[in-house]
Amino acid sequence: QLQASGGGLVQAGGSLRLSCAASGLTFGDYYMAWFRQAPGKERQFVAAISWIGNAWYTDSVKGRFTISRDNAKNTVSLQVSSLKPEDTAVYYCAVDRGFTRREEDWRYWGQGTQVTVSS
């Protein structure tokens, strides 16, 4: 089970910290990821992190977003900074044993948290 939190309404240029708590998994064996889905669009890859801290990002968020994890607490976080209106979306956390950027390859999903960026 995955529980995402931390979304909200923020002005352009602002920051938020999204968190996702996992239960029922041997957390250290899994990759963790964040995807997002903007209105009328498909869910897209944002960032992912391995159990040893290797991270991957989609190009549009590099330098602005930072993914991290705490294996002891079974949590993954996404620090989102320098936010733009085009970052507005529902952000989902996902977990699986392998890493891809394809949404359909991830088996376990959280319920999503809304991030809205006003201009």
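Would you mind showing me how to read the sheet that holds strand E1 (residues 2–5) here?
Two modes of strand pairing occur in sheets, parallel and antiparallel, and in both the strands are linked by backbone hydrogen bonds. Read from one edge to the other, the open sheet built from four strands follows the order E1-E3-E8-E7, with strand pairing classed as antiparallel. Every interior strand has two partners, whereas the edge strands, E1 and strand E7 (65–70), have only one. Strand-to-strand twist across the sheet, computed as the mean angle between neighbouring axes with direction ignored, equals 15°.

When you look at the nonpolar core in this model, what are you seeing that I'm missing?
Soluble globular proteins: nonpolar side chains tend toward being buried together. Membership of the largest hydrophobic core comes to 27 residues, with the highest contact counts inside it found for Trp34, Val46, Phe65, Ile67, Leu78 and Tyr91. Elements supplying a minimum of two residues to this core: E1, strand E3 (16–22), strand E4 (31–37), strand E5 (44–49), E7, strand E8 (75–80), strand E9 (89–96) and strand E11 (113–118). Excluding anything up to four places from it in sequence, Val46 contacts Trp34, Phe35, Arg36, Trp56, Tyr57, Thr58, Val61, Phe65, Leu78 and Tyr91. If you look at the next biggest cluster of nonpolar residues, it comprises seven residues, including Tyr31, Phe35, Ala48 and Ala94.

Teacher, can you tell me more about the packing of aromatic side chains here?
A ring pair, where both rings are aromatic, is described by two values, the distance of the centres and the angle of the planes. Counted according to the given criterion, the structure contains 10 aromatic pairs. Measuring from centroid to centroid gives 6.4 Å for Tyr30 and Tyr108, while their planes differ by 65°, and the two rings are edge-to-face. One end of the pair, Tyr30, is in the loop between E3 and E4; the other, Tyr108, is in strand E10 (residues 108–109), and 78 residues separate them in sequence. For Tyr30, a relative accessible area of 6% puts it in the buried group. The class for Tyr108 is partly exposed, based on a relative accessible area of 33%. Ring pairing ties together the aromatic residues Tyr31, Phe35, Phe45, Trp51, Trp56, Tyr92, Phe99, Trp106 and Trp109, which thus form one cluster. Against the face of Tyr92 rests Arg43, its NZ or CZ located 4.5 Å from the ring centre. For the cation-ring pair, Arg43 lies above Trp109, with the distance from its terminal atom to the ring centre recorded as 3.9 Å.

Would you explain unusual backbone geometry in this entry?
For residues other than glycine, phi is negative in most cases, and the peptide bonds are mostly trans. Not every positive phi belongs to a glycine, and Asn74 is a case in point at roughly 55°. The exposure class assigned to Asn74 is partly exposed, which follows from its relative accessible area of 22%. A positive phi is found at Ser82, a non-glycine position, where the angle reads about 50°. Relative to the helices and strands, Ser82 resides in the loop between E8 and E9. A relative accessible area of 39% places Ser82 in the partly exposed class.

About the thresholds
Residues numbered from 1 in each chain as written. Predicted model: local features only at pLDDT ≥ 70, side-chain atom pairs only at ≥ 80, totals over all residues. Heavy atoms only, no water. Pairing = 2+ DSSP bridges. Helix = DSSP H or I, 4+ residues; strand = E, 2+ residues; numbered from the N terminus. Axes fitted to C-alpha atoms, helices over the stretch in contact; angles between N-to-C directions. Core = buried A, V, L, I, M, F, W, Y, C linked by side-chain atoms within 4.5 Å. Buried < 20%, exposed > 50% of the residue type's maximum accessible area, 1.4 Å probe, protein only. Contact = heavy atoms within 4.5 Å. Phe/Tyr/Trp six-rings, centres within 6.5 Å; stacked < 30°, edge-to-face > 60°. Lys NZ or Arg CZ within 6 Å of the ring centre and 35° of its normal.

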